[in-house]
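Below are the chains, spelled out letter by letter.
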Amino acid sequence: GAVVSQHPSRVICKSGTSVKIECRSLDFQATTMFWYRQFPKKSLMLMATSNEGSKATYEQGVEKDKFLINHASLTLSTLTVTSAHPEDSSFYICSARDRWGGDEQFFGPGTRLTVL
Amino acid sequence: AQSVTQLGSHVSVSEGALVLLRCNYSSSVPPYLFWYVQYPNQGLQLLLKYTTGATLVKGINGFEAEFKKSETSFHLTKPSAHMSDAAEYFCAVSGRGKLIFGQGTELSVKP
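The structure displayed is predicted, hence computed values, not measured ones. (Residues numbered from 1 in each chain as written. Chains lettered and ligands numbered in written order. Predicted model: local features only at pLDDT ≥ 70, side-chain atom pairs only at ≥ 80, totals over all residues. Heavy atoms only, no water.)

Draft legend 1. Fine view of the overall build of chain B. A tally of regular secondary structure across chain B gives zero helices and 11 strands. In chain B, the order of α-helices and β-strands from amino to carboxyl end is β-β-β-β-β-β-β-β-β-β-β. For the C-alpha atoms alone, the extent of chain B along its principal axes is close to 40 × 30 × 20 Å. Residues counted as buried form 43% of the 111 residues belonging to chain B. A fraction of 56% describes how many contacts in chain B between residues 6 or more apart in sequence connect residues 24 or more apart. (Helix = DSSP H or I, 4+ residues; strand = E, 2+ residues; numbered from the N terminus. Buried < 20%, exposed > 50% of the residue type's maximum accessible area, 1.4 Å probe, protein only. Contact = heavy atoms within 4.5 Å.)

Put into structure tokens, the structure is as follows:
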């Protein structure tokens, strides 16, 4: 149980295009999902907290207009990187918290974004 | 505010040797503490967690960690390293519903 999927696992796009990454909780309901960014050999940086049915809460320094987050259902959150540039290339990981399950977060497998 | 410090960005052990990965935390409230493992190009997998109760926590793959409030530590250990343990390990503390991660420790296992 407690499986989180991400799609796509890997994406390559041209500079200036937008990319959407999906995060799904497969066997539980998640009122809260989190989006992280991870640079090579670095720790996870929390970008935003996504709450079902409401606006995401962004961490300081994260551009909300560039990283659009939608959490339209209890099992799906999406991150859209708008007008992507090479500096947006990174490993993006989502996690989800079971609405009945306390503090534990279940992590997706990550999405490798490369912007050319 | 909560914070986590992992001592040593890289630890190398021989197969069969003791694994010790160090984690110290700072928290203004009783902490929930976690250890995660990450294999290359993958997400994070929970090894173990401490919330309340017994201070020695056993996790998957033979790992365990001991919560020591007096030392504000939550070190991860495994008696005998296996080649498959080579990975990145993250200690984390839960604060205001968020996870605050340490910098990570890369574990290498030599044959």
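From this point, things continue past the structure.
Draft legend 2. Inspection of the pattern of salt bridges at higher detail. Tallied over the entire structure, the rule returns six salt bridges over all chains. For the salt bridge of E104 of chain A with K49 of chain B, the shortest nitrogen-to-oxygen distance reads 2.9 Å. Of this pair, E104 of chain A sits in the loop between β9 (90-98) and β10 (105-107) while K49 of chain B sits in strand β5 (residues 44-50), on two different chains. We classify E104 of chain A as buried; its relative accessible area is 13%. Here K49 of chain B falls in the partly exposed class, since its relative accessible area comes to 35%. (Salt bridge = Lys/Arg side-chain N within 4 Å of Asp/Glu carboxyl O.)

Draft legend 3. Region of the structure containing the packing of aromatic side chains. By the definition in use, this model includes 12 aromatic pairs over all chains. Ring geometry for Y36 of chain A against F101 of chain B: centres 5.7 Å apart, planes inclined by 85 degrees, an arrangement best described as edge-to-face. Note that Y36 of chain A is positioned in strand β4 (residues 30-38) and F101 of chain B in strand β10 (residues 98-101), a pairing that runs across two chains. For Y36 of chain A, a relative accessible area of 0% puts it in the buried group. We classify F101 of chain B as buried; its relative accessible area is 11%. Their ring planes at 70 degrees and their centres at 6.1 Å tell us that F107 of chain A and F101 of chain B sit as a pair that is edge-to-face. Highlighted residues: F107 of chain A in strand β10 and F101 of chain B in strand β10, drawn from two different chains. Clustering of aromatic rings is evident, with ring pairs tying together Y36 and F107 of chain A together with F34, Y36, F90 and F101 of chain B. (Phe/Tyr/Trp six-rings, centres within 6.5 Å; stacked < 30°, edge-to-face > 60°.)

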